[in-house]
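Each chain is listed here by its residues.
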Amino acid sequence: MSDKDTAFVKEITPRSEDFSRWYTDVIRRAELADYSPVKGCMVIRPYGYAIWELMQQSLDRRFKETGHVNAYFPMFIPESLLKKEAAHVEGFAPQVAWVTQGGDEKLEERLVVRPTSEAIIGVMYSKWIQSWRDLPVLINQWVNVVRWEKVTRLFLRTTEFLWQEGHTVHETEAEAQEETLKMLGVYKEFAETELAMPVHAGEKTESEKFAGAVKTYSIEALMGDGRALQAGTSHNLGQNFSKVFDIKFQARDKSVQYGWQTSWGMSTRLIGAVIMVHGDDSGLILPPRVAPYQVVMVPIPRGDWRETVLPHAERIKSELEGQGLRVMLDDREEHSPGWKYAEWEMRGVPLRLEIGPRDIKNEQVMLVRRDTREKLPTPMAGLTERVVELLQEIQQSLFDRAVAFRAEHTLQTTDRAEFDATLAGRPGYVVAPWCGSADCEAQIKTATQATIRNLPLDPPPASGACIQCGKAGQVDAYFAKSY
Ligand SMILES: [Zn+2]
């Protein structure tokens, strides 16, 4: 296949033309993931999995810094266990996959493939926890879960996906609430620092909370098409699960009490978020901190370049790697430099380094930023420091750009006509007063398709009357259409 043909194959639908097709094109052409023969299940390809590994490492580090440890619980949950917490089973029943047979024997009790692990973990905690001295329990697990989905979308909603789920038990209600908000804070800081993705941290309304939780909090991000995406959740479970799973302990005053629990999770959906927040018409733009390759080096093949250019390129590569950078040296002979530029642009590598015979004579290289496409002739002397600096600049500028986009696509209003017109026409958040009633929330959803993404923590007083019923507003809520 000639370069020309390949360039044609690599072409993607422009983002501005059809966001949804652009999203799928980018994932498949950049080889992040692919559809599989199993309906609703995806294959995460090595380039996509490398992004997940980087996310995992930096989240896992944060979990450990906040005192958590990792463990592993079975993926099968007996039906009787899942059914113990009424709200929990009601919430998950339509989505669970059942195992009814092992080998050629029908099982006496059906098993579900975990949609989440509160039930199986609860049973174990009731065995392990006897005294206040056993608390807090701060366990996380990195696993796959299965939720039978009718409509699926690569990374955003698939029948099987990868995630982490934290499950903690505390002595007091206050400690559980503190943990719930602490992990919400960890998620927010992770999303903003590592993914360059600004998020609103807030509380979910009663109708949007997790099945079985007392309170659910989320971080919400705004995608490039103006729709919101729930990017992580943290739940205060109160004593709902400890009562049904009998997680009891002897308290300091010798009384017997039920434990106070939390759970929290983030998933491979974040990869979808990164694609949709930062990408452009040419494809992916990866924040340097989660880019499998932060720098791609393209040698210019003139004359006997394998003898003249390549040794310099290899030296630069090992210097960059010496600083802990992730570098790809693309010295393939079968592709032209122009083809490689387009290919690695599409795959979102933050910085390109071009080096040819003329550069070597001038003791410089050409650096090209993926985010701004700026070309920066850069002296060889001090090159590594400059690359490190530029990657930090790119990370920051992607965040700033996303913050500006969100500001441009957030409208505050107390006027219902403006509220409706904005949700119908211009995508993004509409911040408007709400009275707190689930009826008003449901009516707004029916009329506009927008839901309350979350309610700000420590909100100021509402800016006016409820946008739906006109009664006293309780809080200004973030409304948006969402994934
Ligand atoms: Zn109302």
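Overview of the structure. (Residues numbered from 1 in each chain as written. Predicted model: local features only at pLDDT ≥ 70, side-chain atom pairs only at ≥ 80, totals over all residues. Heavy atoms only, no water.)

1. A closer look at the overall build of the chain
Our working rule: Counting from the N terminus, the helices are the DSSP runs of H or I reaching at least four residues and the strands are the DSSP runs of E reaching at least two. Exposure classes here rest on a 1.4 Å probe applied to the protein chains alone. A residue is buried below 20% of its type maximum, exposed above 50%, and partly exposed in between. Contacts were defined at the residue level, with two residues in contact if any of their heavy atoms lie within 4.5 Å. Areas reported as accessible are Shrake-Rupley estimates using a 1.4 Å probe. Residue values count occlusion only from the protein chains shown. The charge count treats Lys and Arg as positive and Asp and Glu as negative. His and the chain ends do not count. The atoms used to mark charge sites are NZ of Lys, CZ of Arg, CG of Asp and CD of Glu.
The number of helices and strands found in the chain is 16 helices and 23 strands. Overall, the chain is about 80 × 60 × 50 Å in size when its C-alpha atoms are taken along their principal axes. For the chain, with 483 residues in total, the buried portion stands at 54%. Sequence-distant contacts, at least 24 apart, represent 69% of the contacts inside the chain between residues at least 6 apart. For the chain, the exposed surface amounts to about 21,400 Å²; the carbon and sulfur share of it is 51%. When the 58 positive and 68 negative side-chain charges of the chain are each reduced to one mean point, those points stand 2 Å apart.

2. Looking at the layout of surface pockets
Put simply, the test is: Cavities and pockets were defined on a 1 Å grid built from protein atoms only: a cavity is a group of points that admits a 1.4 Å probe but offers it no way out, a pocket is an open group of points flanked by protein on both sides within 12 Å along at least five of seven lines, and a lining residue is one with an atom within 4 Å of any such point. Grid points are joined across faces, edges and corners, and a volume is the space filled by probe spheres set on the points. When residues are grouped by polarity, Ala, Val, Leu, Ile, Met, Phe, Trp, Tyr, Cys and Pro land in nonpolar, Asp, Glu, Lys and Arg in charged, and all others, Gly among them, in polar.
The volume enclosed by the largest pocket comes to roughly 1,100 Å³. As for the largest pocket, its lining consists of 40 residues, and the residues nearest its centre are Gln95, Arg147, Arg157, Gln230 and Arg269. For the lining of the largest pocket, the secondary structure elements donating two or more residues are helix H5 (86–92), strand E8 (160–170), strand E11 (228–238), strand E14 (260–267) and strand E22 (451–456). Looking at side-chain class alone, the lining of the largest pocket contains twelve nonpolar, 17 polar and eleven charged residues. Looking at the second largest pocket, its volume works out to about 390 Å³. In terms of lining, the second largest pocket is formed by 18 residues, of which the most central are Glu194, Pro288, Arg289, Gln294 and Gln395. Contributions of two or more residues to the lining of the second largest pocket are made by helix H3 (46–65), helix H7 (173–194) and helix H14 (383–408). Grouping the amino acids of the lining of the second largest pocket by side-chain chemistry returns six nonpolar, seven polar and five charged.

3. Some words on the sheet that holds strand E17 (residues 351–355)
Short version of the rule: Should DSSP find at least two bridges between two strands, the strands are regarded as paired. Axes here refer to lines fitted to C-alpha atoms; in helices the fit is confined to the stretch in contact. Angles between the N-to-C directions go from 0 to 180 degrees.
Strand order in the open sheet made by the five strands is E16-E15-E17-E18-E19, with mixed pairing throughout. A single partner strand is all that each edge strand has here, and the edge strands are strand E16 (327–329) and strand E19 (375–379). Between one strand axis and the next, the sheet turns by 25° as a mean value, whatever way the strands run. Strand direction decides the pairing type here: strand E15 (residues 295–299) and E16, joined by three bridges, are parallel. Directly across from Val295, in E16, lies its bridge partner Val327. Sheet contacts for helix H12 (residues 337–346): E15, E16 and E17; angle to E15, the most-contacted strand, approximately 170°.

4. Concerning the pattern of salt bridges
The criterion, for reference: A pair is scored as a salt bridge if a Lys or Arg side-chain nitrogen falls within 4 Å of a carboxyl oxygen belonging to Asp or Glu.
Tallying each qualifying case throughout the model produces 33 salt bridges. The residue Lys64 makes a salt bridge to Asp60 at a minimum N-O spacing of 2.6 Å. A residue pair is termed a helical-turn pair when its members lie 3 or 4 positions apart in one helix, as Lys64 and Asp60 do in helix H3 at four residues. Given the relative accessible area of 14%, Asp60 is considered buried. Notably, a salt bridge pairs Glu319 with Arg315, separated by 3.3 Å at the nearest N-O pair. Note that Glu319 and Arg315 are positioned in helix H11 (residues 310–322) at a spacing of four residues, about one turn of the helix. According to the relative accessible area criterion, Arg315 is partly exposed, its value standing at 37%. Connected through shared salt-bridge partners, Arg61, Arg62, Glu65, Glu189, Glu194 and Arg289 make up one network.

5. Quick look at the sheet that holds E11
With respect to topology, eleven strands assemble into an open sheet ordered E3-E7-E8-E14-E11-E10-E9-E22-E23-E21-E20, the strand pairing being mixed. On the outer flanks of this sheet lie strand E3 (69–70) and strand E20 (410–412), each paired with one strand and no other. With two bridges joining them, strand E9 (residues 199–203) and E22 adopt antiparallel strand pairing. Counterpart to Glu203 in the pairing with E22 is Leu455. Relative to E20, H14 is tilted by about 40°, and along the sheet it contacts E9, strand E10 (215–222), E20 and strand E21 (429–434).

6. Considerations on the coordination of the zinc ion
To keep things clear, this is the line we draw: Think of the donor list as every N, O and S atom within 2.8 Å of the metal, or within 3.2 Å for Na, K and Ca; water never makes the list, so a site can look incomplete. Angle rules define the geometry names used: all angles between 85 and 135 degrees makes four donors tetrahedral, while opposite donors over 155 degrees apart and all other angles between 65 and 115 make four donors square planar and six octahedral, leaving every other case irregular.
Protein coordination at the zinc ion: the donors are Cys435 (SG), Cys440 (SG), Cys466 (SG) and Cys469 (SG), at 2.3 to 2.4 Å from the metal. Coordination at the zinc ion is tetrahedral: its four donor atoms span angles of 103 to 119° at the metal. Read N to C, the donor residues that coordinate the zinc ion are spaced as C-x4-C-x25-C-x2-C. Placement of the pair is Cys440 in helix H16 (residues 438–448) and Cys469 in the loop between E22 and strand E23 (475–480), with a sequence separation of 29 residues. When its relative accessible area of 5% is taken as the criterion, Cys440 is described as buried. Among the residues examined, Cys469 registers a relative accessible area of 33% and is labelled partly exposed.

7. Let's talk about the environment of Gly428
Here Gly428 is to be found in the loop between helix H15 (416–424) and E21. Apart from the residues lying within four places of it in its own chain, the contact partners of Gly428 are Leu222, Gly226, His409, Phe479 and Ala480.

8. Re H3
Within an α-helix, residues lying three or four positions from one another point in the same direction, as the helix has 3.6 residues per turn. So the rule is basically this: What a helix is expected to span follows from its residue count: subtract one and scale by 1.5 Å.
When the terminal C-alpha atoms of H3 are compared, their 28 Å separation across 20 residues agrees well with the 28 Å that a helix rising 1.5 Å per residue should span. One or two steps after H3, the chain reaches Gly67, where phi turns positive at roughly 90°.

9. Remarks on the packing of aromatic side chains
The cut-off we apply is this: Classification of ring pairs uses Phe, Tyr and Trp, with its six-membered ring standing for Trp, and accepts pairs whose centres are within 6.5 Å; under 30 degrees between planes counts as stacked, over 60 as edge-to-face, and the remaining range as tilted. Geometrically, a lysine NZ or arginine CZ counts as sitting over a ring once it is within 6 Å of the ring centre and also within 35 degrees of the ring normal.
All chains considered together, the criterion is met by 15 aromatic pairs. Centroid distance Phe73 to Tyr125: 6.5 Å. Interplanar angle 80°. Geometry classified as edge-to-face. One end of the pair, Phe73, is in the loop between E3 and strand E4 (76–78); the other, Tyr125, is in helix H6 (residues 118–128), with 52 residues separating them in the sequence. Accessibility expressed as a relative area gives 3% for Phe73, which makes it buried. In this structure Tyr125 comes out as buried when scored by relative accessible area, which is 0%. For the pair Phe73 and Trp128, a centre-to-centre distance of 6.0 Å together with 40° between the ring planes defines the contact as tilted. Taken as a pair, Phe73 in the loop between E3 and E4 and Trp128 in helix H6 lie far apart in primary sequence, 55 residues in all. It is Arg347 that lies over the ring of Tyr47; its NZ or CZ is 4.3 Å from the centre. Positioned above the aromatic ring of Tyr341, the side-chain terminus of Arg352 is 3.9 Å from the ring centre.

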